[in-house]
Amino acid sequence: MNDEAGATKGAVVVVSGPGGRLAAAVATRLAGDGYPVGIIGPEGAEATAAGLVSAGGRALGVTAEPSDRAALDDALAGCAGLGTTAAVVLAFYPTSASRSRELVTLDDHEWDSLCEAPIRWCLVGLQSAYQWLSVSGGAIVVIVPTVSLIGAEGHVAATTSGETQRILAKSAARRWGTSGITVNTVAVPLDTLADEAPGDPGVSAPLSLGPPALAAPDPAIGIASVVASLTGPLGGMVTGSTICLDGGAVMAP
């Protein structure tokens, strides 16, 4: 599905929750590399796609709620005009995920919005992506925070959500391999994944896990590069894996 030997690159569809800044950055990078890109989300998708088209890329933005199965199915159907879908990227974290909250004061509303909702979005995203990839195969990439691998004080809801999404992805990978679908997880720093801009009221300082072994890579470039790799021949041998893109701040066992 890469453009090796002159083949046409398959389309990559990026589906995000509210905000979608990271999803937009990944879509921009992929479009710059020559991939047709579909962007689906509750806000900003059409504007991001219009900017990519103005820059000479092939892109389509569709406004849809990630929790609505019918709406997401319709949105993916709309993206089919870009060509055969090679990969679907799911990045579901609400705008307040980077705010620190004490476990003993976490209320029901916060738990639902920070933990339960992203899990539901991921389930719906996986189900919808399967319908479009089961015909010709392809890759699904689920983006989670690295801290979901180890837990983090003040971020229990986000880490629980991330680890649950990771298990969902592994379960789907084990089941859907016979359909030619790979499902992998890419883990990035929480303050990169959350959609709040620096300086927004209530945003905690970037979560520190100690010095990374390497300088943390640009997450947009890193994720886009991984997605591109997973749509090619190499990706056909990788499924059910978690790839950390944080410079070694978290080293998964």
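Below you will find a few notes about this structure. Values in this document were obtained by computation on a predicted structure and should not be read as measured data.

Running from N to C, helix α4 (residues 108-133) and helix α5 (residues 156-176) cross one another at 15 degrees; their axes reach a closest spacing of 8 Å. Compared by their axis directions, α4 and α5 come out roughly parallel. For the element pair α4 and α5, the recorded crossing hand is right-handed. The residues of α5 that touch α4, namely those facing W111, L114, C115, P118, I119, C122, L123, L126, Q127 and Y130, are V156, A157, A158, T160, S161, T164, Q165, L168, A169 and W176.

On to helix α1 (residues 21-32). An α-helical turn contains 3.6 residues, so a residue and the one three or four places further along point in the same direction. Relative to the 16 Å expected for 12 residues at 1.5 Å per residue, α1 spans 17 Å between its end C-alpha atoms, a close match to the ideal helical length. Every buried residue of α1 is listed here: L22, A23, A24, V26, A27, L30 and A31. G34 occupies a position one or two residues after α1 and carries a positive phi of about 95 degrees.

To continue, consider the nonpolar core. Core analysis: the largest hydrophobic core is formed by 34 residues, its most contacted members being V15, I40, L90, L126, I140, V142 and V183. Contributing elements (two or more residues each) for this core: β1 (11-16), α3 (69-79), β4 (85-91), α4, β5 (138-145), α5 and β6 (181-188). The biggest single contributor to this core is α4, with 7 residues. One finds V12, A87, V89 and V186 within the second-largest nonpolar core, a separate group that totals 30 residues.

The rules behind the values
- Residues numbered from 1 in each chain as written.
- Predicted model: local features only at pLDDT ≥ 70, side-chain atom pairs only at ≥ 80, totals over all residues.
- Heavy atoms only, no water.
- Axes fitted to C-alpha atoms, helices over the stretch in contact; angles between N-to-C directions.
- Helix = DSSP H or I, 4+ residues; strand = E, 2+ residues; numbered from the N terminus.
- Parallel < 35°, antiparallel > 145°, perpendicular 65-115°, else oblique.
- Left-handed = near helix turned anticlockwise from the far one by under 90°.
- Contact = heavy atoms within 4.5 Å.
- Expected span 1.5 Å × (residues − 1).
- Buried < 20%, exposed > 50% of the residue type's maximum accessible area, 1.4 Å probe, protein only.
- Core = buried A, V, L, I, M, F, W, Y, C linked by side-chain atoms within 4.5 Å.

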